[in-house]
Amino acid sequence: MLWKLSLTGIKSRLRDYIVLFSGLVMASAIFYMFESMASNTEFLNNNSTIAMTVIIFRFGSVLLGIITFVYILYANSFLMTMRQKDYAMFMMLGAKGRKIAQMIFSETLVVGTVATLVGSAVGIGLTSVVHRLLVAQLNIQITHFTPFNLHGLLITLLFFIVLFLLAAFVNAFSIVKKPILTLIRADQTPTQMKQHKFLFFLEVVLGIIFIGVGYYMMANIGKYQLMAIAVALVTIVLGTYFIFHSVIIFFLTLLKKTENLSMKKLNNFTLSQLSFRIREYTQMLSMVAMLFALALGALTVGLGFKNEITKLTNAVSNYDLVLNRSELIDQSKVEKLSPTINVVYQQKEDEKTVYYNYSEFEQNPFLIMENQTPNTGERNIKTKKVTAEELATNVNYQDELRYYELPEQREKEVKLLPAEEFAQLNLPQTNMQLIQVKDFHESIEPIGALVAENNKNNESLKDGMFSFTQKYDAYQVINGMFSGFEFMGFFLGIAFLTMLASCLMFKILSGSKSDVVRYEMLGKIGARQALLKQSIRREIGILFLAPGILGAIHVLFGLQMFTVLMDDPYHNLWIPFAIFFVLYFIYYTVTTWLYTGIVLNKKD
């Protein structure tokens, strides 16, 4: 009988259970996505040049575990809030405490286990989709990565089942111990708003100090290394919590006391709602801020590595394609590249010398790369046009030209002869063709085909050692070195964004029922619908904006850690920030729309 009543109660709250179940599924799916990468040490070792990568991912795994643990606590609390009135009613009807405890234990464990199994399957599917999308769209080369990872799956199942087992014990024990009247009136119990002034001041100071220590450690990771990551991880999490629990409440209180602002329209109601929510949401907002920082940071770093591939590749050579003995190449293939520079230098050679036509370099000066700031260690490479006279007299410039020759030519002397003398040389003539295109990456495939044909036409290039003569070859090596990090950055960015937005959305929607009465009261005293909607937009906007701003500040300081890996981790920073805030804004819009539909439609 009790089980039938329990099932009836679940059916009547099916929408709330769907919200809860969706959140748990998403949490376990994201956890699996991360673990499938973090536990695959072979993938991490083969797709990064940094030996610390595995340890860094282990730290990340611990952080995600802590965040997931907090999320499960919230979800567990939400489950109990939904069901405790039903349990109290069963007790009033004479049900024994032991039976109720069994029912709560089974209900919690079944919901958690099913959600974990479904979430793991969703996680494998998401991993496969994200993997394919990133590899196809970003032209990434990664090895030893598969969407299904048994180790990651076992860790996910073990972690969540243990969590839900503990939650089931806690739920069963706490409900049975509480008096029936307390259970019935639980949602009518006001939240304690008073706070000791000294403790409040202490939290403000601790929040600022912890955040400051965390930022300092990230900026000095070269000095403190792994300890910097560990200390920053702990201090920034604690600092974020104290900031939400004290500093933001302080500002909201200040705004409420500013009558010119708080007495306009529904501002006082909105500020009161926010003050109430910030206290209730402290853990959730702290978690969202940390996930926001992780997601935005991962996306920014991923994009940074993509930019690094382009910059390093472009620093290899001025010419996108070098064709030795180019008379053997079908020139229609070259024309299809729509080259911006397409010069052909004639060559004749004997045993000791490679001869060039002086007049050709007068018409098409040779391009070399010069580092303008050699003493600073920064890359500031500029292109210089070398005249025929400079090339004929400067050995260093001739070495640059020799760089593009065939291996057997590089040991020979370079000589530029007047056109008449060059024509009179009774030696076989070949061509060296140097090409530059408008966008190297857009032309990567036809360039690769021509490089392969060039290697086929020249015996000495077939089995020779790899060199950076061809930009295409350099791109393949650099892309192989950095694409692992690029993949990880994009992958984790998407995963964390999905989790943080889901957490915040579900948390706000789960509290919408208790807000219906407040909006009904406002409607009865004459508040217009437009003002109510404006109040909702502002309230939810602050709840999204506050962790967003703090998370973005974390990222700005956190990028200091990557100055040891990248030339400039802040380059084009606006791109990942813009992408991320647009996606975040979409989640805000959807949440506001759903919330408005619940609290205002019920009013009608």
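Bear in mind that the values here come from a model prediction, so they are computed numbers and not experimental data.

1. Remarks on the overall build of the protein
Part 1 of the reasoning: Along the backbone of the protein there are 24 helices and 7 strands.
Part 2 of the reasoning: Evaluated residue by residue, the protein yields a buried proportion of 48% over its 604 residues.
Part 3 of the reasoning: Here the contacts in the protein between residues at least 6 apart in sequence split such that 82% fall between residues at least 24 apart.
Part 4 of the reasoning: When the accessible surface of the protein is summed, it comes to about 29,600 Å², and 63% of that surface belongs to carbon and sulfur atoms.

2. Here's the deal with the pattern of salt bridges
Part 1 of the reasoning: Within the structure shown, the criterion is met by 4 salt bridges.
Part 2 of the reasoning: One salt bridge in this structure joins Glu453 and Lys333, with 3.0 Å as the shortest N-O distance. Of this pair, Glu453 sits in helix 19 (residues 444-457) while Lys333 sits in helix 14 (residues 331-335); the two residues are 120 residues apart in sequence, bridging distant segments of the chain.

3. Observations concerning the side chain of Lys471
Part 1 of the reasoning: Relative to the helices and strands, Lys471 resides in helix 21 (residues 471-510).
Part 2 of the reasoning: If near-sequence neighbours (up to four positions away) are discounted, Lys471 is found in contact with Thr313, Asn314, Ser317, Tyr319, Asp320 and Phe440.

4. Quick notes on the packing of helix 10 (residues 226-257) against helix 13 (residues 282-314)
Part 1 of the reasoning: Between helix 10 and helix 13, whose axes approach to 9 Å, the crossing angle comes to 130°. Put simply, helix 10 runs oblique to helix 13. Where helix 10 crosses over helix 13, the handedness of that crossing is right-handed. Between helix 10 and helix 13, the residues in contact are Ile236, Val237, Thr240, Tyr241, Phe244 and His245 and Thr282, Gln283, Leu285, Ser286, Ala289 and Met290, respectively.

5. Here we look at the sheet that holds strand 7 (residues 429-436)
Part 1 of the reasoning: In space, the 5 strands of this open sheet follow the order 1-7-2-3-6, with mixed pairing throughout. Two strands close off the open sheet at either side, each with one partner strand: strand 1 (321-324) and strand 6 (413-417). Each strand axis lies, on average, 25° off the axis of its neighbour in the sheet, ignoring direction.
Part 2 of the reasoning: Across 3 bridges, the pairing between strand 2 (residues 341-349) and strand 3 (residues 353-357) is antiparallel. Bridging across to strand 3, Lys348 finds its partner in Tyr355.
Part 3 of the reasoning: The sheet strands contacting helix 17 (residues 395-402) are strand 3, strand 6 and strand 7, and the helix crosses strand 6 at an angle near 100°.

6. Here's the deal with the packing of aromatic side chains
Part 1 of the reasoning: By the definition in use, this model includes 24 aromatic pairs.
Part 2 of the reasoning: Residues Phe210 and Phe242 carry aromatic rings whose centres are separated by 6.1 Å and whose planes lie at 10° to one another, so their mutual orientation is stacked. Note that Phe210 is positioned in helix 8 (residues 197-219) and Phe242 in helix 10, a separation of 32 residues in sequence.
Part 3 of the reasoning: Residue class for Phe242 comes out buried when judged on its relative accessible area of 16%.

7. Re the pairing of strand 2
Part 1 of the reasoning: The pairing of strand 2 with strand 7 spans 8 bridges and is antiparallel. In the sheet register, Tyr345 faces strand 7, and the bridge partner there is Met432.

8. Considering the environment of Ala315
Part 1 of the reasoning: With respect to the helices, strands and loops of the structure, Ala315 is situated in the loop between helix 13 and strand 1.
Part 2 of the reasoning: Separated by 54 residues in the primary sequence, Ala315 and Met369 place their C-alpha atoms 8.0 Å from one another.

9. Some thoughts on the side chain of Gln398
Part 1 of the reasoning: Mapped onto the secondary structure, Gln398 falls in helix 17.
Part 2 of the reasoning: Its relative accessible area of 9% is what places Gln398 among the buried residues.
Part 3 of the reasoning: If near-sequence neighbours (up to four positions away) are discounted, Gln398 is found in contact with Leu391, Ala392, Thr393 and Val414.

10. Things to note about the packing of helix 10 against helix 23 (residues 529-558)
Part 1 of the reasoning: Closest axis-to-axis distance for the helix 10/helix 23 pair is 12 Å, and the angle between their directions is 145°. In the crossing of helix 10 with helix 23, the sense of the turn from one axis to the other is right-handed. The segment helix 10 lies against helix 23, with Ile236, Thr240, Ile243, Phe244 and Ile248 engaging Ala546, Pro547, Leu550 and His554.
Part 2 of the reasoning: Per-class residue counts for the contact of helix 10 with helix 23 are 7 nonpolar, 2 polar and no charged.

11. What about the nonpolar core?
Part 1 of the reasoning: Core analysis: the biggest nonpolar cluster contains 104 residues, and Leu500 and Tyr519 have the highest contact counts within it.
Part 2 of the reasoning: At 18 residues, helix 21 tops the list of elements feeding residues into this core.
Part 3 of the reasoning: Leaving out residues up to four positions away in the same chain, Leu500 has contacts with Val288, Leu291, Phe292, Ala295, Phe580 and Tyr584.

12. Considering helix 10
Part 1 of the reasoning: The end-to-end C-alpha separation of helix 10 is 45 Å, in line with the 46 Å expected for 32 residues at 1.5 Å each.
Part 2 of the reasoning: Largest kink in helix 10: about 40°, centred on Ile243.

13. Considering the environment of Ala546
Part 1 of the reasoning: Tracing the backbone through its elements, the reader meets Ala546 in helix 23.
Part 2 of the reasoning: Sequence separation of Ala546 and Leu285 is 261 residues, and the distance between their C-alpha atoms is 8.1 Å.
Part 3 of the reasoning: For Ala546, the residues in contact, after removing those within four places along its chain, are Phe244 and Ile248.

14. Concerning a positive patch on the surface
Part 1 of the reasoning: On the surface, Lys264, Lys265, Arg528, Lys533, Arg537 and Arg538 cluster together to form a positively charged patch.
Part 2 of the reasoning: Tracing the backbone shows Lys264 in the loop between helix 11 (259-262) and helix 12 (267-280).

15. Thoughts on unusual backbone geometry
Glycine aside, residues mostly have negative phi angles, and peptide bonds mostly take the trans form.
Part 1 of the reasoning: If you check the backbone angles, Arg325 has positive phi at about 50° while not being a glycine.
Part 2 of the reasoning: Along the polypeptide, Arg325 turns up in the loop between strand 1 and helix 14.
Part 3 of the reasoning: Residue class for Arg325 comes out partly exposed when judged on its relative accessible area of 30%.
Part 4 of the reasoning: Notably, Ser338 is not glycine yet its phi reads approximately 50°, a positive angle.
Part 5 of the reasoning: Among the structural elements, Ser338 can be located in the loop between helix 14 and strand 2.
Part 6 of the reasoning: Its relative accessible area of 52% is what places Ser338 among the exposed residues.

16. Concerning helix 13
Part 1 of the reasoning: If you check helix 13, its first and last C-alpha atoms are 47 Å apart, about what 33 residues at 1.5 Å a residue would give, namely 48 Å.
Part 2 of the reasoning: With 25 of 33 residues buried, helix 13 is to be regarded as a mostly interior element.

17. Thoughts on the pairing of strand 7
Part 1 of the reasoning: Counting buried positions along strand 7 gives 6 out of 8 residues, so the element sits mostly inside the fold.
Part 2 of the reasoning: Alignment of strand 1 against strand 7, held across 4 bridges, turns out to be antiparallel. Within strand 7, the position partnered with Asn324 by the bridge is Met432.

18. Focus on a nonpolar patch on the surface
Part 1 of the reasoning: On the surface, Ile579, Val582, Leu583, Ile586, Val590, Trp593 and Leu594 cluster together into a nonpolar patch covering about 630 Å² of accessible area.
Part 2 of the reasoning: Mapped onto the elements, Trp593 comes out in helix 24 (residues 574-601).

19. Quick look at the environment of Ala423
Part 1 of the reasoning: Relative to the elements of secondary structure, Ala423 occurs in helix 18 (residues 419-424).
Part 2 of the reasoning: The exposure class of Ala423 is exposed, given its relative accessible area of 58%.
Part 3 of the reasoning: Placed 66 residues apart in sequence, Ala423 and Asn357 show a C-alpha to C-alpha distance of 8.5 Å.

Cut-off values and rules
Residues numbered from 1 in each chain as written. Predicted model: local features only at pLDDT ≥ 70, side-chain atom pairs only at ≥ 80, totals over all residues. Heavy atoms only, no water. Helix = DSSP H or I, 4+ residues; strand = E, 2+ residues; numbered from the N terminus. Buried < 20%, exposed > 50% of the residue type's maximum accessible area, 1.4 Å probe, protein only. Contact = heavy atoms within 4.5 Å. Areas by Shrake-Rupley, 256 points an atom, 1.4 Å probe, with all protein chains shown as cover. Salt bridge = Lys/Arg side-chain N within 4 Å of Asp/Glu carboxyl O. Axes fitted to C-alpha atoms, helices over the stretch in contact; angles between N-to-C directions. Parallel < 35°, antiparallel > 145°, perpendicular 65-115°, else oblique. Left-handed = near helix turned anticlockwise from the far one by under 90°. Pairing = 2+ DSSP bridges. Phe/Tyr/Trp six-rings, centres within 6.5 Å; stacked < 30°, edge-to-face > 60°. Nonpolar A, V, L, I, M, F, W, Y, C, P; charged D, E, K, R; others polar. Core = buried A, V, L, I, M, F, W, Y, C linked by side-chain atoms within 4.5 Å. Expected span 1.5 Å × (residues − 1). Bend = angle between axes of the 7 residues up to and from the residue. Patch = residues over 30% accessible without salt bridge, like charges linked within 9 Å, V, L, I, M, F, W, Y side chains within 5 Å. Lys, Arg positive; Asp, Glu negative; His and termini not counted. Charge placed at Lys NZ, Arg CZ, Asp CG, Glu CD.

In short, geometric facts, not functional conclusions.
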